[in-house]
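# Architecture and fold: a report
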Amino acid sequence: MKGEIKMKSKIKWVGLVGIVLSAFSIFIHFLLARFTQLSVSDYQSSITIFSWRPIFDKPDFPTNSGSYRRLWGQVKRLESLYPDSNPRGYYPDPGSQSNGFIFVRIQGGFHEIRNSISDVVVVARLLNATLAMPEIQSTTSSKGISSQFKSFAYLYNEDQFIFSLAKDVKVIRTLPKYLKGARRKKEIPSFKVPYSASPFYYLHHVLPVLKKHSVVELVVSNGGCLQATLPPSFEEYQRLRCRVSFHALQFRQEVHELSAKILQRLRAPSRPFIAFDPGMTRESLAYHGCAELFQDVHTELIQHKRLWMIKRGIVKGKLRVNSAEARLNGSCPLMPEEIGILLRAYGYSKDAIIYVSGGEVFGGQRTLIPLHAMFENVVDRTSLSTPWEMIKIYGQEVNLVNPPPGPPPFEEVKKLAAWKNAGPRPRPLPPPPARPKSYNIEGWWGWVAESDNEPDNTVMELRTNAHKLLWEAIDYAVCVEADVFIPGFDRDGKGHSNFASLVMGHRLYQSAASKTFRPDRKEAAKFVDEIRDHMYQANRTWLKSVRRHLRKALIDGIIEASSKSKSLSFLSHPVPECSCLRHDSFEASKNSSIPLSLGVTHLCPAWMVTSPVSQSKDKENEDDGDDDDSVSGLFFKQSGGNNEGDAEVNTKEENQFEDQEELEGGDR
């Protein structure tokens, strides 16, 4: 008996020790999960997210080679352009006595909001008014978004905005209390300002009302409330636009941190990357008549949207448009397949990293299948971030549940009662139950065959529209910092400049020499049609033509934008007002037509000048890179491999191609 008692006590002690160890183990796991959450998520991101990353064909990627400089290097003829948006003449600080308060409500998408904010700041400066923080209506009208971030703060950093514009415009977070009540009662005079209004509109119409009532409300839509090209006497206001868009408008901290993480993950393989913005939205395709580029229900959706635009006077043309002719005229966006062909023809290998931006690619992922076939590493923000990281930038959101269905219409109740009270059989059949018109983001075309009117946005769709602003903010930050940027389209659904135009303008301001392709869509469509039937047998002449066109588009595209894009949006081409010439390159630029063509004559401040010796060496290397026109393997051919014989054959082919171009007088 004593032995059994001792054995039972030992078992109890062993069990007790096991329970204590288990509790201690669980406690340690909780501590690890609590204090190493960020590092664990980063580690998982680097492992799971980058399952797409292959072993590159050329692990050694020398940056001093001619091919590297031609593909990824800067444009040497634009190296002398530096950003300079500081005032250049008499520009006093905003006075203590203002003419009143301006409150602004902004409607539209990401690029329209960004254009409008820079315009309203200029208007506030023009009218000597105090600007209340602009209200972004696409967030205030959404349901269920986080109350932590409201209106302007949903996208941008309010503190940075106020601090950066302290010497330009007085900005306050909200209207004074007595004006808030007047606004709720709709006692504040309101202006629905026209698109691209002149400064004299505000001086003659808005300013007298502002002085009388000490406050006005402006409703801004269509992506801008001030004309893009201002008279020469208003040049300082153009530079103010640059200070707003490129310095004051910084994304809030959560969006900035996630953008930085995505950029870090893109550069993790120590290789440069290309950013591609398709620009294929349903509105832009409908406005420009590109319905027949798609098939089936997508064509019907585009045509339905075009009819809606025609009824409201947005589109002046006919409903039926020959999309093939529109494409050949350059009115339609370049499809992802066509962009892929141009990039491969220029010399980018199949393992190049392509970052696809844009809040919406009409047609879904199937339109990107040809691009995936040409490049192994086609990624976007969803493949470079975790769902937890995306939820973090949304903030704490309430759960949205679908409201219970309302009572049936009176007519249906009456029919059902008549059927129940009818005489003996045969009786009429009961009315069929109403077919639920349910649709979602993936299947939102379900209404096409049932109704001529599009259904109203659901609560979830309204919240998704707010999320799209954050998605495009991340894409914007990545595209601006990309080594190479190429757009598929530069017009939106109203014929104005779109997301890609703003990115190109920001890159032109921040680093003019960064490689930004601006292909002529008309010429690009011809190149693709020439090779479409024999794509795998591209001849040298065709390759040379494509490369010459893209290389030429690096410069000619900027000059063309000064006459076409700038008249629609100043931020898409902030040159020459917001640029300057480097001192040591001023004499050299006199012999170059590029600065003169862009109208840049202002010399940069002395503190911007770096060592002239290092620049001369860089210049020399850049000359070599620009002259390099070798072919890194045949078009669409599997590059790389460990076969030395194949490498020798490819090298001979490249040398022959270089000699041929030199004899034929290539575009140098």
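Refer to the structure presented above.
So, here is what we can say about the structure in this document. (Residues numbered from 1 in each chain as written. Predicted model: local features only at pLDDT ≥ 70, side-chain atom pairs only at ≥ 80, totals over all residues. Heavy atoms only, no water.)

## A look at the state of the cysteines
Disulfides are covalent bonds that link the sulfur atoms of two cysteine residues. We count it as follows: Disulfides are defined as cysteine sulfur pairs within 2.5 Å. For helices the rule is a DSSP run of H or I covering at least 4 residues; for strands it is a run of E covering at least 2, with both sets numbered from the N terminus onward. Categorising residues by exposure relies on relative accessible area from a 1.4 Å probe, with only protein chains included: less than 20% of the type maximum marks a residue as buried, more than 50% marks it as exposed, and the intermediate range marks it as partly exposed.
Following the criterion strictly, the structure yields 3 disulfides and no others. Covalently, Cys290 is tied to Cys332 through a disulfide, its sulfur atoms 2.1 Å apart. Where Cys290 bonds to Cys332 through sulfur, the torsion about that S-S bond is close to -105 degrees, and the disulfide is left-handed. Remark: Cys332 occurs in the loop between α13 (323-328) and α14 (336-346) and Cys290 occurs in the loop between α11 (282-288) and α12 (297-311); sequence separation between them is 42 residues. Since its relative accessible area comes to 0%, Cys290 is described here as buried. Classification of Cys332 by relative accessible area gives buried; the value is 2%. The connectivity of the disulfide bonds within the protein chain can be written as 1-4, 2-3, 5-6, using the sequence rank of each bonded cysteine.

## A short note on a nonpolar patch on the surface
Using the following cut-off: Only residues whose relative accessible area exceeds 30% and that form no salt bridge enter a patch; like-charged residues are grouped when within 9 Å of one another, and nonpolar side chains (Val, Leu, Ile, Met, Phe, Trp, Tyr) when within 5 Å. All accessible areas in this document rest on Shrake-Rupley with a 1.4 Å probe, and a residue is counted as covered only by the protein chains that are shown. For this analysis, a salt bridge means a side-chain nitrogen from Lys or Arg found within 4 Å of a carboxyl oxygen belonging to Asp or Glu.
Taken together, Trp13, Leu16 and Val20 make up a surface patch of nonpolar side chains, about 350 Å² in accessible area. Its location among the elements puts Trp13 in helix α1 (residues 2-35).

## Notes on the packing of helix α4 (residues 110-126) against helix α18 (residues 459-481)
Put simply, the rule is: A fitted line through C-alpha atoms serves as each axis, taken over the contacting stretch for helices, and the angle formed by two N-to-C directions is quoted from 0 to 180°. Angle categories are assigned with fixed cut-offs, so that under 35 degrees is roughly parallel, over 145 is roughly antiparallel, 65 to 115 is roughly perpendicular, and the rest are oblique. In what follows, a contact means two residues having at least one pair of non-hydrogen atoms within 4.5 Å. For this classification, Asp, Glu, Lys and Arg are treated as charged, while Ala, Val, Leu, Ile, Met, Phe, Trp, Tyr, Cys and Pro are nonpolar and the rest, including Gly, are polar.
Where α4 contacts α18, the two axes come as close as 9 Å, and the packing angle between them is 75 degrees. Put simply, α4 runs roughly perpendicular to α18. Contacts between α4 and α18 pair Phe110, Ile113 and Arg114 from the former with Leu469, Glu472, Ala473 and Tyr476 from the latter. Along the lines of polarity and charge, the residues of the contact of α4 with α18 split into 5 nonpolar, no polar and 2 charged.

## Some thoughts on the pattern of salt bridges
Summed over the entire model, instances satisfying the criterion amount to 28 salt bridges. Two residues, Glu338 and Arg532, come together in a salt bridge whose shortest N-O distance is 3.8 Å. Of this pair, Glu338 sits in helix α14 while Arg532 sits in the loop between α20 (521-531) and α21 (540-563); the two residues are 194 residues apart in sequence, bridging distant segments of the chain. Taking the relative accessible area as the measure of exposure, Glu338 reaches 4% and is therefore buried. Relative accessible area serves as the criterion here: at 34%, Arg532 is assigned to the partly exposed category. Two residues, Lys350 and Glu376, come together in a salt bridge whose shortest N-O distance is 3.0 Å. Placement of Lys350 in the loop between α14 and β9 (353-356) and of Glu376 in the loop between α15 (369-374) and β10 (377-379) is noted, with a sequence separation of 26 residues between them. Look at the salt bridges and you will find they share partners, linking Arg105, Glu135, Arg183 and Glu217 into a network.

## Regarding the side chain of Arg547
Inclusion rule: By the criterion applied in these results, polar contacts are pairs of N or O atoms within 3.5 Å in which, for protein atoms, one can donate a hydrogen and the other can accept it, and in which residues neighboring in sequence qualify only through two side-chain atoms.
Along the polypeptide, Arg547 turns up in helix α21. Within the local environment of Arg547, its side chain forms a polar contact with the backbone oxygen of Ala345, the two atoms lying 2.9 Å apart.

## With respect to unusual backbone geometry
In this structure, Pro576 follows Val575 across a cis peptide bond, with omega equal to 10 degrees. Here Pro576 lies in the loop between α21 and β13 (579-581). Here the phi dihedral of Ser151 falls at roughly 50 degrees; this positive angle occurs in a residue that is not glycine. By secondary structure assignment, the location of Ser151 is in the loop between α5 (137-140) and α6 (158-164). Owing to a relative accessible area of 14%, Ser151 belongs among the buried residues under this scheme. The phi dihedral of Asn222 is positive, around 65 degrees, even though this residue is not glycine. Assignment of secondary structure puts Asn222 in the loop between β7 (215-220) and α9 (235-248). Among the residues examined, Asn222 registers a relative accessible area of 27% and is labelled partly exposed.

## A short note on the side chain of Glu397
Inspection of the secondary structure puts Glu397 in the loop between α16 (387-394) and α17 (410-420). At 2.8 Å, the side chain of Glu397 forms a polar contact with the side chain of His467. Apart from the residues within four sequence positions on either side, Glu397 is in contact with Gly144, Ile145, Ser146, Tyr154, Arg463 and His467.

## Some remarks on the sheet that holds β9
Cut-off, in case you're wondering: A pair of strands is labelled paired if DSSP reports no fewer than 2 bridges between them.
On the basis of which strands lie adjacent, the open sheet formed by 5 strands has the order β10-β9-β8-β11-β12 and parallel pairing. Strands at the two margins of the open sheet, each flanked by one partner only, are β10 and β12 (515-516). Across 4 bridges, the pairing between strand β8 (residues 273-277) and β9 is parallel. The residue of β9 that forms the bridge with Ala275 is Tyr355.

## A few points about the packing of aromatic side chains
Under the convention used in this document: For Phe, Tyr and Trp, where Trp contributes only its six-membered ring, two rings pair if their centres lie within 6.5 Å, and the inter-plane angle classes them as stacked under 30 degrees, edge-to-face over 60, or tilted in between.
Summed over all chains, the structure comprises 16 aromatic pairs. Consider the rings of Tyr201 and Tyr202, whose centres lie 5.2 Å apart with planes at 85 degrees: the pair is edge-to-face. Pairing Phe234 with Tyr237 gives two aromatic rings, centres 5.5 Å apart and planes at 40 degrees, and the pair type is tilted. The burial state of Phe234 is the same as that of Tyr237; both residues are buried. Among the aromatic side chains, those forming a connected cluster through ring pairs are Phe110, Phe152, Tyr156, Phe161, Phe251, Tyr476 and Phe499.

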